[in-house]
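# Report on the structure
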There are 2 protein chains.
Amino acid sequence: MERELLKGNTPTMILAVLCQGPLHGYAIAREIERRSDNQLKFKEGTLYPALHALEYDGWIKGQWETTSQGRKRKVYTITQAGHAELKRRHHAWTEFANVMAQVIGGEPHGQQG
Amino acid sequence: MERELLKGNTPTMILAVLCQGPLHGYAIAREIERRSDNQLKFKEGTLYPALHALEYDGWIKGQWETTSQGRKRKVYTITQAGHAELKRRHHAWTEFANVMAQVIGGEPHGQQG
DNA sequence: TTATTATACGTCGTAATCCAATGCATAGCA
DNA sequence: TGCTATGCATTGGATTACGACGTATAATAA
């Protein structure tokens, strides 16, 4: 999958996943990979900074928990503001996808300018 | 229009426009704006470096010409390799757009991990 | 015991990209 | 003389993805 195409969409995908329920970082990455039929690979260098930024902006909230196996992990929950942000980003993506279709799929036009 | 969403798609749009016929830089920018119903604004800092990179990669070819008004401009033509590259990029974009739809538009799933 | 894999968190540096700001030059118009 | 449009270009800042690396626990295999 083309690296640059992903740019700007990582937070949107994370919010979309968390919209279905709280998950910890590692599970979020796995869930995005699952939803994309393994076409997307979510790396640590992408995931964790993105989560921290989302929490800093108040769109998600992290809570440390310990599993029965004694392993610590940080479970993230989407906030009210996060839901609004997701809606806004979802809309922006749809708009952009439409524009792209218009530009790269556009019909022929008069040659020179 | 969201700035980050554009990332990586600029060369694709330029190739798509040139696919319809040769144009000089300034006209390419105006054409992309026209096709996007002015939702996209193409700035010089984005346009010219992108054109130079495309020419360096051999996907477009620039040719200086002088108009009847005596104004010089560089007219770009898409190459054979450029057509192939456009096809590849067009495909990559479609794939990515589908993946995005799957991830952010996905149906509900079992909560916790 | 030792090695490997999976889980789970994180940081840092590099590369890629968009764009605001700035610059140069020509042309038409008020 | 100023303003706007055309037409080219560079530079530096900001944002982003990710490879590489580091830490730690647990299960599985040799």
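Preceding this section is the structure that the text describes.
Residues numbered from 1 in each chain as written. Chains lettered and ligands numbered in written order. Predicted model: local features only at pLDDT ≥ 70, side-chain atom pairs only at ≥ 80, totals over all residues. Heavy atoms only, no water.

## Considering the overall build of chain A
The number of helices and strands found in chain A is five helices and three strands. Ordered by position from N to C terminus, the α and β elements of chain A give α-α-β-α-α-β-β-α. If one aligns the C-alpha atoms of chain A with their principal axes, the spans along those axes are about 70 × 30 × 20 Å. Per-residue burial for chain A yields a buried fraction of 46% across its 113 residues. A fraction of 46% describes how many contacts in chain A between residues 6 or more apart in sequence connect residues 24 or more apart. Surface exposure of chain A reaches about 6200 Å², of which carbon and sulfur atoms provide 51%. Put simply, chain A has 15 plus and 12 minus side-chain charges, and the middle of one group is 8 Å from the middle of the other. (Helix = DSSP H or I, 4+ residues; strand = E, 2+ residues; numbered from the N terminus. Buried < 20%, exposed > 50% of the residue type's maximum accessible area, 1.4 Å probe, protein only. Contact = heavy atoms within 4.5 Å. Areas by Shrake-Rupley, 256 points an atom, 1.4 Å probe, with all protein chains shown as cover. Lys, Arg positive; Asp, Glu negative; His and termini not counted. Charge placed at Lys NZ, Arg CZ, Asp CG, Glu CD.)

## Quick word on the protein's contact with DNA strand D
Not every one of the 24 residues close to DNA strand D is listed here, only the nearest: Arg3, Thr10, Gly45 and Gln69 of chain A together with Tyr26 of chain B. Counting only atoms of DNA strand D within 4 Å of the protein, the fraction found in sugar and phosphate groups is 72%. Between a base nitrogen of DNA strand D and a side-chain N or O atom of Arg3 of chain B, the distance comes to 3.2 Å. Between a phosphate oxygen of DNA strand D and a side-chain N or O atom of His24 of chain B, the distance comes to 3.3 Å. Among the elements of the structure, α1 (3-6) and α4 (44-56) of chain A together with α2 (25-35), α3 (44-56) and β3 (72-78) of chain B are those that each provide at least two residues to the surface near DNA strand D. The biggest single contributor to the surface near DNA strand D is α3 of chain B, with four residues. By residue class, the composition of the surface near DNA strand D is four nonpolar, nine polar and 11 charged. (Near = heavy atom within 4 Å. Polar contact = N/O pair within 3.5 Å; in protein donor to acceptor, adjacent residues only side chain to side chain. Nonpolar A, V, L, I, M, F, W, Y, C, P; charged D, E, K, R; others polar.)

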